[in-house]
Each structure stands twice: as structure tokens, then as C-alpha cells.
Amino acid sequence: MSTLTTANSALSLQITSLYPVPQSIQGYSTDDAFATDDVEPGEFMMGVDGKLSGGYVPYPTKLTITLQADSASNAIFDNWLAAQAAAKEVYFANGTIMLSGTGDTYVFTQGGLSSASPMPSAKKTLQPRKFVITFESCSKAPI
């Protein structure tokens with residue numbers, strides 16, 4: 001039986017205009033490797049008569065990736081940020097996360113770099129850097 005460690009997980013990103021071949025992301029932060037924000041797949045409202053109405057609404061998925069200051073994968077994000085600035089265009093990415101502990105794979109499509117730490121914070125030691133990618137969709141791959 002597998003354990004729930006994140007150490008045997010794998011995350012790869014394909015930035016279509018920059019890295020057409022998926023790049024393996026490595027050098028995660030000690031306590032934060034990657035995480036998604038909660039999503040809101042429905043909108044609900046209560047009428048004055050107490051009847052609840054609701055409907056499905058499309059939603060983006062934000063993926064936060066936290067890397068140690070000395071991670072070689074920081075260069076991927078630095079290059080992504082610099083290429084967009086030079087081209088004055090948004091470069092989109094696709095990603096895959098494999099979690100060996102649960103046997104699950106998640107596929108992320110059409111994501112843009114929506115937040116980035118341009119450098120590590122300098123404290124006693126250089127601090128981890130965070131990058132947020134906002135994806136059009138995230139789906140669990142069938143087993």
C-alpha cells in the first residue's frame with residue numbers, strides 16, 4: 001500500500017509558446033509543494049419566499065506552486081515571465097499532477113501565470129517563491 005507522502009508526486013508543465021515539451025517541476029518548498037484554491041461551481045440565491053435557486057457556472061482553477069529559493073525550476077517561471085514581458089502576450093500552459101499516494105492524476109488545461117514572486121524574500125535564509133497559474137479547467141483523469 002502506498003503512503004500519503006508528497007515526495008513521490010510529480011508535476012509537469014507545458015508552456016506551449018515557450019516549452020512545447022512538458023517540463024518536470026522540482027525543488028518544492030518544505031511545507032508547501034502545490035495546492036489548488038477551492039472552486040465555486042454553482043451560484044445560489046434565496047428568494048424572499050425562502051426558495052433556493054441555483055445554477056452551474058463555469059469556474060477557473062488556481063494552482064499555487066511553491067518552490068525553494070534554490071530550485072532549478074524557478075528558471076522555468078522566470079523565463080515564462082520574461083518571455084511574456086518581451087512579447088507583451090500571455091503564454092498559456094497545460095499541466096499534469098500525479099499523486100502516487102492515492103493513484104490519482106489531475107490534468108490542468110489552458111492556464112495563465114496570474115501571480116509570481118520575482119525573487120525570494122531574504123531573511124536568515126532565502127525564502128520559497130510562489131507562482132500561481134489560473135487554469136481554465138482541472139479534471140481528474142480516469143483510472
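Criteria and cut-off values
Residues numbered from 1 in each chain as written. Predicted model: local features only at pLDDT ≥ 70, side-chain atom pairs only at ≥ 80, totals over all residues. Heavy atoms only, no water. Helix = DSSP H or I, 4+ residues; strand = E, 2+ residues; numbered from the N terminus. Buried < 20%, exposed > 50% of the residue type's maximum accessible area, 1.4 Å probe, protein only. Core = buried A, V, L, I, M, F, W, Y, C linked by side-chain atoms within 4.5 Å. Pairing = 2+ DSSP bridges. Axes fitted to C-alpha atoms, helices over the stretch in contact; angles between N-to-C directions. Salt bridge = Lys/Arg side-chain N within 4 Å of Asp/Glu carboxyl O. Phe/Tyr/Trp six-rings, centres within 6.5 Å; stacked < 30°, edge-to-face > 60°.

1. Topic: the overall build of the protein chain
Line of reasoning, step 1. Scanning the protein chain from N- to C-terminus turns up one helix and nine strands.
Line of reasoning, step 2. For the protein chain, the N- to C-terminal ordering of α and β elements is β-β-β-β-β-β-α-β-β-β.
Line of reasoning, step 3. A principal-axis box enclosing the C-alpha atoms of the protein chain has dimensions of 60 × 50 × 35 Å.
Line of reasoning, step 4. Sorting the 143 residues of the protein chain into buried and exposed places 29% on the buried side.

2. Considering the nonpolar core
Line of reasoning, step 1. By size, the foremost hydrophobic cluster in this structure holds 23 residues, and its most contacted members are Leu11, Ile25, Ile65 and Phe77.
Line of reasoning, step 2. Elements that contribute at least two residues to this core include exactly strand 1 (10-15), strand 2 (19-25), strand 6 (61-67), helix 1 (74-87), strand 7 (92-99), strand 8 (104-116) and strand 9 (129-140).
Line of reasoning, step 3. Sorting elements by how many residues they give to this core places helix 1 first, with four residues.

3. Some thoughts on the sheet that holds strand 9
Line of reasoning, step 1. Judged by pairing direction, the sheet is antiparallel, and its seven strands sit side by side in the order 2-1-7-8-9-6-3 without closing on themselves. This sheet does not close on itself; its edge strands, each paired only once, are strand 2 and strand 3 (34-36). Here the strands of the sheet are splayed against their neighbours by 30 degrees on average, with no regard to which way each runs.
Line of reasoning, step 2. Pairing analysis gives four bridges linking strand 1 to strand 2, with the strands arranged antiparallel. Within the sheet, the bridge partner assigned to Ser12 lies in strand 2 and is Ser24.

4. Quick look at the pattern of salt bridges
Line of reasoning, step 1. Within the structure shown, the criterion is met by two salt bridges.
Line of reasoning, step 2. Linking Asp78 and Arg129 is a salt bridge whose minimum nitrogen-to-oxygen distance equals 2.6 Å. Linking Asp78 in helix 1 with Arg129 in strand 9, this pair joins segments that are 51 residues apart in sequence.
Line of reasoning, step 3. A residue is classified by how much of its surface remains accessible, and Asp78, at 30% relative accessible area, is partly exposed.
Line of reasoning, step 4. The exposure class of Arg129 is buried, given its relative accessible area of 5%.

5. Observations concerning the packing of aromatic side chains
Line of reasoning, step 1. As enumerated under the stated definition, the model contains five aromatic pairs in all.
Line of reasoning, step 2. When the ring of Phe77 is compared with that of Phe131, the centres are 4.2 Å apart and the planes differ by 10 degrees; the resulting orientation is stacked. Of this pair, Phe77 sits in helix 1 while Phe131 sits in strand 9; the two residues are 54 residues apart in sequence, bridging distant segments of the chain.
Line of reasoning, step 3. Looking at Phe77, the relative accessible area reads 1%, which means it is buried.
Line of reasoning, step 4. Assessed through its relative accessible area of 1%, Phe131 is described here as buried.
Line of reasoning, step 5. Aromatic pair Phe108 and Phe135: ring centres 5.0 Å apart, planes at 50 degrees, arrangement tilted. Remark: Phe135 occurs in strand 9 and Phe108 occurs in strand 8; sequence separation between them is 27 residues.
Line of reasoning, step 6. A network of ring pairs unites the aromatic residues Phe77, Trp80 and Phe131 as a single cluster.

No statement about biological role is implied by the geometric values presented.
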